[in-house]
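# Chains, contacts and geometry: an overview
For reference, the chains in residue letters:
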Amino acid sequence: PARAPRPRPPETRRYSTYIYKVLKQVHPDTGISKKGMMVMQGFITDLFERIAGEAANICRFSKKKTMASREIQTSVRLILPGELAKHAVSEGTKAVTKWQST
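Note that this is a predicted model, so its numbers are computed, not measured.

Taken together, the buried positions of helix α3 (residues 69-79) are occupied by Glu71, Ser75, Val76 and Ile79. For α3, the angular spread of buried residues about the axis comes to 140 degrees, placing them on one side. Along α3, exposed side chains directed more than 90 degrees from the buried face belong to Arg70 and Arg77. Its buried side turned inward, α3 meets α2 (34-61) and α4 (82-101).

Structure below.
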């Protein structure tokens, strides 16, 4: 009899490639250890979940069924502190503008 295929673990998003690329842009001569990369991976995953959760709440409160860049932007402003939020919003706006122009 044929064996049943092994169940796959749930797919987790990995950001290590992007973390490494940004690190090299900011500090070209600096590396990162596996443990350091795991910490950054956890940090980004946590931040992503918090922003997405807040954006979902905003959609629920405003009775919208679609989460758009506006809801993400508002949740970033609520979650990140001061100057970091401003920088994140400007980078996000730049990315959305670039994506829309293609």
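Still more ground to cover, so stick around.
Let us look at the environment of Glu71. Among the secondary structure elements, Glu71 is positioned in helix α3. Residue classification places Glu71 among the buried positions, given a relative accessible area of 4%. C-alpha of Glu71 to C-alpha of Glu54: the two residues are 17 residues apart in sequence and 8.4 Å apart in space. Leave out the neighbours within four places in its chain, and Glu71 touches Ala55, Ile58, Cys59, Lys64 and Thr66.

Let's shift gears to the packing of α3 against α4. Close contact between α3 and α4 brings their axes to 9 Å; oriented N to C, the two are set at 165 degrees. As the angle between them shows, α3 and α4 are arranged roughly antiparallel. As α3 packs across α4, the resulting crossing turns out to be right-handed. Where α3 approaches α4, its residues Ser69, Gln73, Val76 and Arg77 are matched on the opposing element by Ala85, Ala88, Val89, Thr93 and Val96.

As a further point, take the side chain of Gln41. Inspection of the secondary structure assignment puts Gln41 in helix α2. The residues contacting Gln41, other than those within four sequence positions of it, are Arg13, Arg14, Tyr15, Ser16 and Ile19.

Let us now look at the environment of Gln41. What makes Gln41 buried here is its relative accessible area of 16%. Separated by 26 residues in sequence, Gln41 and Tyr15 place their C-alpha atoms 6.2 Å apart.

Close approach of charged atoms allows side chains with opposite charge to pair. Using the criterion set out here, one finds three salt bridges in the structure. For Lys64, the salt bridge goes to Glu71, with nearest N and O atoms at 3.4 Å. Ionic pairing is found between Lys94 and Glu91, a salt bridge with its closest N-O pair at 3.6 Å. A residue pair is termed a helical-turn pair when its members lie 3 or 4 positions apart in one helix, as Lys94 and Glu91 do in helix α4 at three residues. On the basis of relative accessible area, Lys94 is assigned to the exposed category, the value being 53%. Its relative accessible area of 35% is what places Glu91 among the partly exposed residues.

Calculation notes
Residues numbered from 1 in each chain as written. Predicted model: local features only at pLDDT ≥ 70, side-chain atom pairs only at ≥ 80, totals over all residues. Heavy atoms only, no water. Buried < 20%, exposed > 50% of the residue type's maximum accessible area, 1.4 Å probe, protein only. Helix = DSSP H or I, 4+ residues; strand = E, 2+ residues; numbered from the N terminus. Arc of directions from axis to C-beta. Contact = heavy atoms within 4.5 Å. Axes fitted to C-alpha atoms, helices over the stretch in contact; angles between N-to-C directions. Parallel < 35°, antiparallel > 145°, perpendicular 65-115°, else oblique. Left-handed = near helix turned anticlockwise from the far one by under 90°. Salt bridge = Lys/Arg side-chain N within 4 Å of Asp/Glu carboxyl O.

Without other data, these values stay purely geometric and don't point to any function.
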